[in-house]
Amino acid sequence: MTVKDVQEWCKANRLDARGIIRGGEFFIRHASGETSSSLPTAQQVLHWDLHIGDRRLPASPSDMERLVTGKISLDNLTQAMSREGRRPE
């Protein structure tokens, strides 16, 4: 999985994402028609935050890979987060 894959997944699912990397962060906006070439590699991402409307759903890099590859749905991840006591904001 690449950050470009995440960017395409966000556009397809109409979600925004924030990637946390060492020393900074970057944003992926689903409504933006442009594809940035200055994005970090997926291996540099330590944590993801998905923005679903006015809620925020934290996701690990492995969670994000499962979402992008279709191994888990967004609904299933949200349910799993609430079962674990880690409620999305």
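Only a predicted model underlies this, so the values are computations on that prediction, with no experimental measurement involved.

Basis of the calculations
All chains use their own residue numbering, which begins from 1 and follows the written sequence. Whole-chain, interface and lining totals are the exception, using all residues; otherwise, since this is a predicted model, local features are given only for residues with pLDDT of at least 70 and side-chain atom pairs are given and counted only at 80 or more. Side-chain measures here rest on the full set of heavy atoms in the structure, leaving out hydrogens and waters. What counts as a helix is a DSSP run of H or I of at least four residues, what counts as a strand is a run of E of at least two, and both are numbered from the N terminus. The cut-offs for exposure are 20% and 50% of the maximum accessible area for each residue type, with area from a 1.4 Å probe on protein chains only; residues under the lower value are buried, those over the upper are exposed, and the others partly exposed. Should any heavy atoms of two residues lie within 4.5 Å, those residues are considered in contact. When DSSP finds two or more bridges between a pair of strands, those strands are recorded as paired. Axis definition: a line fitted to C-alpha atoms, over the contacting stretch in the case of helices. Angles run 0 to 180 degrees between N-to-C directions. By definition, the arc is the one covered by directions from the helix axis to the C-beta atoms.

Before we go on, may I ask you to explain the environment of Met 1 in this structure?
With respect to the helices and strands, the residue Met 1 is situated in the segment before α1 (3-13). Look at Met 1 and you get partly exposed, because its relative accessible area is 29%. Considered as a pair, Met 1 and Ala 42 are 41 residues apart in the sequence and their alpha carbons are 7.0 Å apart. When near neighbours in sequence (up to four residues on either side) are disregarded, Met 1 contacts Val 6, Ala 42, Pro 61, Met 64, Glu 65 and Val 68.

Where do I start with the sheet that holds strand β3 (residues 45-52) in this structure?
The strands that make up a sheet are held in pairs by hydrogen bonds between backbone atoms, and each pair lies either parallel or antiparallel. If you walk across this open sheet you meet the 4 strands as β2-β1-β3-β4, and the pairing is antiparallel. For this open sheet the edge positions go to β2 (24-28) and β4 (55-59), each flanked by a neighbour on one side alone. For this sheet, the mean angle separating the axes of adjacent strands, direction not counted, is 20°. Relative to β2, strand β1 (residues 16-21) is paired through 5 bridges, and the arrangement is antiparallel. Bridged to Arg 18 within β2 is Phe 27. Sheet strands touched by α1: β1, β2 and β3. Its angle to β2, the strand with the most contacts, is close to 40°.

Explain the environment of Gln 7 to me, please; I cannot follow it from the model alone.
You can see Gln 7 is positioned in helix α1. Along the sequence, Gln 7 and Ser 32 sit 25 residues apart, while their C-alpha atoms lie 10.0 Å from each other.

What am I meant to see in helix α2 (residues 61-69) here?
Turn by turn, an α-helix covers 3.6 residues, leaving residues three or four places apart pointing in a common direction. Listed in full, the buried residues belonging to α2 are Asp 63, Met 64 and Leu 67. Each buried residue of α2 sits inside an arc of 95° when the element is viewed along its axis, so together they form one side.

Please clarify how α1 should be interpreted in this entry.
Taken residue by residue, α1 has Val 3, Val 6, Gln 7, Trp 9 and Cys 10 as its buried positions. Looking straight down α1, one finds that the buried residues subtend no more than 165° of arc, so they occupy a single side. Positive backbone phi, at 55°, marks Arg 14, one or two positions downstream of α1.

Would you take a moment to explain the pairing of β1 for this structure?
Every regular strand shows the same layout, with side chains that alternate between the two sheet faces. Across 6 bridges, β1 lies against β3 in antiparallel orientation. Counted as the bridge partner of Ile 21 is Val 45 from β3. Where β1 folds back on β2, the antiparallel hairpin that results is connected by 2 residues, among which Gly 23 adopts a positive phi of roughly 80°.

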